[in-house]
Amino acid sequence: MVTDPIADYLTRVRNAQMAGHRIVEIPASNLKKRITEILYDQGYILKYKFEDDNKQGLIKIALKYDPQSKEPAIKSLERVSRPGLRQYASPAEFKRVKNGLGVAIVSTSHGVMTDKQAKSQNVGGEVLCYIY
């Protein structure tokens, strides 16, 4: 039983990158699917695939590495809001991640989106994680 599925998702991706794996499999949920789509749209992962196994489902993520240095595209995955201490922010309170080079993923009333999208739509919400 996982008490924080988002932290589990981030940890699986982080561990797979440190081990040099090309593909990581993660149990699916709608929130994790949306986070995966954001990672793909922002260019942090190569590609992804949602598989239905008549249970929870799986997300298969192809991780992205630099061709020359073999460094992973994702330098850091940091969980912000957690079950014991939720972190909420209004559009004006969003912090710049890595001086604007990173992305914050925010769960809003309009769905899960990046901090830049939330600012443009002028909605606040729970800051799930920072990625750079």
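- By the naming in an unreviewed UniProt entry, the protein chain goes by Small ribosomal subunit protein uS8 and is assigned to Niastella yeongjuensis.
- Recorded under Function (unreviewed entry), the UniProt text for the protein chain is reproduced unchanged: "One of the primary rRNA binding proteins, it binds directly to 16S rRNA central domain where it helps coordinate assembly of the platform of the 30S subunit."
- In UniProt, the protein chain has this text filed under Sequence similarities (unreviewed entry): "Belongs to the universal ribosomal protein uS8 family."

## Overview of unusual backbone geometry
Alright, step 1. Backbone geometry at K98 places phi at a positive 50°, although glycine is not the residue there.
Alright, step 2. One can find K98 in the loop between β5 (88–89) and β6 (103–108).
Alright, step 3. Backbone geometry at N122 places phi at a positive 55°, although glycine is not the residue there.
Alright, step 4. Position of N122 relative to the elements: it lies in the loop between α3 (115–121) and β8 (125–131).
Alright, step 5. You can call N122 exposed: its relative accessible area is 59%.

## Here we look at the domain arrangement of the protein chain
Alright, step 1. Per the domain assignment, the segments making up the protein chain are domain 1 (5–63) and domain 2 (77–131).
Alright, step 2. The distance between the C-alpha centroids of domain 1 and domain 2 comes to 19 Å.
Alright, step 3. In this complex, domain 1 contributes 12 residues to the contact, which on the side of domain 2 involves 14 residues.
Alright, step 4. Interface area for domain 1 against domain 2, summed over the two sides, is near 1,100 Å², with a carbon-plus-sulfur share of 76%.
Alright, step 5. Of all residues in domain 1, L10, I38 and Y44 bury the most surface against domain 2, accounting for 39% of the area lost on that side.
Alright, step 6. At the boundary of domain 1 with domain 2, the tally comes to 2 residue pairs in polar contact (both at pLDDT 80 or more).
Alright, step 7. Broken down by secondary-structure element, the contributors of at least two residues to the side of domain 1 that touches domain 2 are α1 (5–19) and α2 (30–41).

## Describing the side chain of T114
Alright, step 1. Within the secondary structure, T114 sits in strand β7 (residues 111–114).
Alright, step 2. A residue is classified by how much of its surface remains accessible, and T114, at 4% relative accessible area, is buried.
Alright, step 3. Look past the residues within four positions of T114 in its chain and what remains in contact with it is I38, Q42, V103 and A104.

## What to know about α1
Alright, step 1. For α1, which comprises 15 residues, the first-to-last C-alpha distance of 21 Å matches the rise-based estimate of 21 Å (1.5 Å per residue) to within 8%.
Alright, step 2. Every buried residue of α1 is listed here: I6, Y9, L10, V13, A16 and Q17. Along the axis of α1, the buried residues cluster in a sector spanning 130°; they form a single face. For α1, exposure combined with an orientation more than 90 degrees from the buried face picks out M18 and A19.
Alright, step 3. Buried positions along α1 lie against β1 (23–27), α2, β3 (58–63), β4 (77–79) and β8.
Alright, step 4. G20 lies just past α1 and shows a positive phi near 80°.

## Observations concerning α2
Alright, step 1. Across its 12 residues, α2 extends 17 Å between first and last C-alpha, which sits within 8% of the 16 Å expected from 1.5 Å per residue.
Alright, step 2. Within α2, the full set of buried residues consists of K32, I35, T36, I38 and L39. Down the axis of α2, the sector holding all buried residues measures 160°, keeping them to one side. Seen from the open side of α2, the exposed residues pointing more than 90 degrees away from its buried face are N30 and D41.
Alright, step 3. Two residues or fewer after α2 comes G43, characterised by a positive phi angle close to 85°.

Conventions adopted
- Starting from 1, residues in each chain are numbered consecutively following that chain's sequence as written.
- pLDDT decides what is reported in this predicted model: residues at 70 or higher carry local features, side-chain atom pairs at 80 or more are listed and counted, and totals for whole chains, interfaces and linings draw on all residues regardless.
- Think of the side-chain values as coming from all heavy atoms in the structure, minus any hydrogens and water.
- UniProt positions are given in the numbering used here, feature names are shortened, and annotations may be inferred rather than shown by experiment.
- Helix and strand definitions follow DSSP, with helices as H or I runs of at least four residues and strands as E runs of at least two, each counted in order from the N terminus.
- Type-normalised accessible area, obtained with a 1.4 Å probe on protein chains alone, sets the label of each residue: buried when under 20%, exposed when over 50%, and partly exposed for intermediate values.
- Domain delimitation in this document rests on an assignment produced automatically or drawn from a domain database.
- By the convention used here, residues are in contact when the closest approach between their heavy atoms is within 4.5 Å.
- A quick way to say it: buried area is the sum, across both parts, of accessible area lost when two parts are put together, with a 1.4 Å probe.
- Here a polar contact means two N or O atoms within 3.5 Å. Within protein one must be a hydrogen donor candidate and the other an acceptor candidate, and residues neighboring in sequence count only if both atoms are side-chain atoms.
- Expected helix span is given by 1.5 Å per residue-to-residue step, counting one fewer step than there are residues.
- Along the arc lie the directions from the helix axis toward the C-beta atoms.

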